[in-house]
Amino acid sequence: MTLHFVLDPDLTPHLRDQLVALWLEVTNAGGAVGFVPPVTEAEVRSMADPTFDGITDGPDRLLVGYADGRPVAALVFADNRFHLKPHWCTLKRVMVHPHAQGNGYGAALMREAERLGRKLGWEALHLTVRDGGGLDAFYRRLGYREVGRLPGALRVGTGDDRDELHMWLALTR
């Protein structure tokens, strides 16, 4: 399958439903995108709707990767909403459909985010990672470096607190 990207697609009700389904499947497959499995569609919608509002009403941006006409990868360029931070952006809800993983789509999504970040004038990209899943190694291979860690900041279950890692990619060289 060939992956193609669309920045700021029209967030129609159909696309919203597709993105909620993607988010639900990623989470229930163990992806760290704001929930701990198992999660219901209603729970995902409770976070998705405000996320979509931040995109349609601004200032956030949405990047969607399509394969065979359906969304299989997505992320949000989340504005920092602070006047001293307009020169960098936080990536949120970085996800690739579980059935599409292993095809290089995650790396392609992140390379496209990097390309667009430069084009949009940002000097850096920031993201957070739930420790314990090995995703930090994936981001390190893409040039991100750990710049901070909040010990035990994420409670994923009783007696299971995880560090939240802050990772940074400088876009200016």
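Up top is the structure.
Figured I'd write up the structure that's included with this text.

**Section: the side chain of Glu 114**
And step 1. Its place among the elements puts Glu 114 in helix H3 (residues 105–119).
And step 2. Of the residues examined, Glu 114 reaches a relative accessible area of 16% and is grouped as buried.
And step 3. Within polar-contact distance, the side chain of Glu 114 engages the side chain of Arg 118 at 2.7 Å.

**Points about the pairing of strand E7 (residues 160–170)**
Regular strands place side chains that alternate from one sheet face to the opposite one.
And step 1. Sheet topology note: the strand E5 (residues 124–130)/E7 ladder contains seven bridges and is antiparallel. In the sheet register, Leu 127 faces E7, and the bridge partner there is Met 167.
And step 2. Here strand E6 (residues 145–157) runs beside E7; their pairing, made up of eight bridges, is antiparallel. Across the sheet, residue Arg 155 finds its bridge partner in E7, namely Asp 161.

**Here we look at the sheet that holds strand E4 (residues 88–96)**
And step 1. The seven strands are arranged E1-E2-E3-E4-E5-E7-E6 in an open sheet whose pairing can be described as mixed. Sheet topology places strand E1 (4–7) and E6 at the edges, where each strand pairs with a single neighbour. With strand direction ignored, the average angle separating the axes of adjacent strands in the sheet is 25°.
And step 2. Of the strands in this sheet, E1, strand E2 (61–67), strand E3 (70–78), E4, E5 and E7 are in contact with H3, which crosses E3 at around 40°.

**A word on the pattern of salt bridges**
And step 1. Inspection of the entire model under this criterion finds 13 salt bridges.
And step 2. Between Arg 81 and Asp 60 there is a salt bridge, with its nearest N and O atoms 2.9 Å apart. Here Arg 81, found in the loop between E3 and E4, pairs with Asp 60, found in the loop between helix H2 (41–56) and E2; they are 21 residues apart in sequence, far enough to count as distant.
And step 3. Put simply, Glu 146 and Arg 149 hold a salt bridge, and the shortest N to O gap is 3.0 Å.

**With respect to the side chain of His 97**
And step 1. In this fold, His 97 is placed in the loop between E4 and H3.
And step 2. Among the residues examined, His 97 registers a relative accessible area of 5% and is labelled buried.
And step 3. When near neighbours in sequence (up to four residues on either side) are disregarded, His 97 contacts Leu 22, Glu 25, Val 26, Arg 70 and Val 72.

The rules behind the values
Residues numbered from 1 in each chain as written. Predicted model: local features only at pLDDT ≥ 70, side-chain atom pairs only at ≥ 80, totals over all residues. Heavy atoms only, no water. Helix = DSSP H or I, 4+ residues; strand = E, 2+ residues; numbered from the N terminus. Buried < 20%, exposed > 50% of the residue type's maximum accessible area, 1.4 Å probe, protein only. Polar contact = N/O pair within 3.5 Å; in protein donor to acceptor, adjacent residues only side chain to side chain. Pairing = 2+ DSSP bridges. Axes fitted to C-alpha atoms, helices over the stretch in contact; angles between N-to-C directions. Contact = heavy atoms within 4.5 Å. Salt bridge = Lys/Arg side-chain N within 4 Å of Asp/Glu carboxyl O.

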